[in-house]
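Examination of the molecular architecture
What follows is the residue order along each chain.
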Amino acid sequence: MKAQSRTFAVALASALILGGATSVYAGSNPMVGGAAMYSTKNIVENAVNSKDHTTLVAAVKAAGLVETLSGPGPFTVFAPTNAAFAKLPAGTVESLVKPENKAMLTKILTYHVVAGRMTAKDIAANAKTHGGKATLTTVEGEKLTAWKDKAGAWWLTDAKGGKSKITIPNVMQSNGVIHVVDTVLMP
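Treat the numbers as computed from the prediction; the structure is a model and nothing was measured.

It is worth spelling out the pairing of strand β6 (residues 133–137) at this point. Burial of β6 is one-sided: the residues A134 and L136 facing one way are buried, the residues K133, T135 and T137 facing the other way are not. As paired strands, β6 and strand β7 (residues 143–148) are joined by five bridges and run antiparallel to one another. Residue pairing in the sheet places T135 in a bridge with T145 of β7. Hairpin geometry of β6 and β7 is characterised by an intervening segment of five residues between the two adjacent antiparallel strands and by a positive phi of about 115° at G141.

Here's what the structure looks like:
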């Protein structure tokens, strides 16, 4: 289970790198962080090209999760952008990437990953079946709640009551799917 959690944490971190604040679709390959995201590439192969995810890439490397996110998965990753990390209190990211805080960093990153490939359609179907809210169990072990607001936007509520909007859904990868989010989720 520990190896599996580590694999999911890597997937999350790489996915986080992928999620750009802006997405423009060029054919069937969305643009995230200034780079095309190819469904034939894995999370890491795509993420390293996103200029909007340098914080995530650094976090994934610091947590030792790169190899895991390159694995077969599948993973569903809710990927925060650099701007999402910038919302954290001053000094948080710098502290988390220190070697002595690797366990906490891994916990946060794996909280952004769900086992399996859950597209936006899958999340919506789960929510419909459960009275409008989908409860997702993360690789870290705690729950996320997905729900849709009156304007039609999808949100996640974390274990501490924090909310994160899904800004770019369904960035398909060979080993899963990424949904870009605008706030870092906290277990």
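Read on, since the account is not over.
What follows is about the side chain of S164. For S164, the location among the structural elements is in strand β9 (residues 163–173). Engagement of the side chain of S164 in a polar contact is seen with the backbone oxygen of T183, the distance being 2.9 Å. Filtering out sequence-adjacent residues up to four positions away, S164 remains in contact with W154, W155, L156, V181, D182, T183 and L185.

To continue, consider unusual backbone geometry. The phi angle of most residues is negative, glycine excepted, and most peptide bonds adopt the trans form. With an omega of 5°, the peptide bond between G73 and P74 qualifies as cis. Structurally, P74 is set in the loop between α4 (66–69) and β4 (75–80). Of note, the phi angle at N170 is positive, near 55°, even though the residue is not glycine. Here N170 lies in strand β9. Residue classification places N170 among the partly exposed residues on the basis of a relative accessible area of 29%.

This part is about the pairing of strand β2 (residues 29–32). Of the pairings in the sheet, the one linking β2 to strand β3 (residues 35–36) comprises two bridges and is antiparallel in character. Note on β3: the bridge partner recorded for V32 is A35. Between β2 and β3, which follow one another and run antiparallel, lie two residues, and G33 among them has a positive phi close to 60°.

Strands in a sheet are paired, the pairing made by backbone hydrogen bonds, and the direction either parallel or antiparallel. Ordered by their spatial adjacency, seven strands build an open sheet running β5-β4-β10-β9-β8-β7-β6, and the pairing between neighbours is mixed. The sheet terminates laterally at β5 (113–115) and β6, the two strands that pair on one side only. Averaged over all neighbouring strand pairs, the angle between strand axes comes to 30°, with direction disregarded. Bridging between β4 and β5 involves three bridges; their strand directions are antiparallel. The partner of F75 across the bridge, within β5, is A115. Contacts between helix α8 (residues 120–129) and the sheet are confined to β4, β6, β7, β8 (154–157), β9 and β10 (176–181), with β6 contributing the most and set at about 115° to the helix.

Parameters at a glance
Counting restarts for each chain: residues are numbered from 1 in the order of the written sequence. Local features in this predicted model are restricted to residues of pLDDT 70 or higher, and side-chain atom pairs are both shown and tallied only at a pLDDT of 80 or more, whereas totals for entire chains, interfaces and linings draw on every residue. To obtain the side-chain values, all non-hydrogen atoms of the structure were used and water was disregarded. Only protein chains enter the calculation, and the probe is 1.4 Å; a residue is then buried if its accessible area is under 20% of its type maximum, exposed if over 50%, and partly exposed in between. We count a stretch as a helix when DSSP gives it H or I for four or more residues in a row; a strand needs E for two or more, and each element gets its number in order from the N terminus. Two strands are counted as paired when DSSP detects at least two bridges linking them. Any N or O atom pair separated by 3.5 Å or less is treated as a polar contact, with the protein-specific requirement of one donor-capable and one acceptor-capable atom, and with residues adjacent in sequence counted only for side-chain atom pairs. In this analysis, two residues are considered to be in contact whenever any of their non-hydrogen atoms come within 4.5 Å of each other. Here, axes are lines fitted to C-alpha atoms. For helices the fit covers the stretch in contact, and angles between N-to-C directions go from 0 to 180 degrees.

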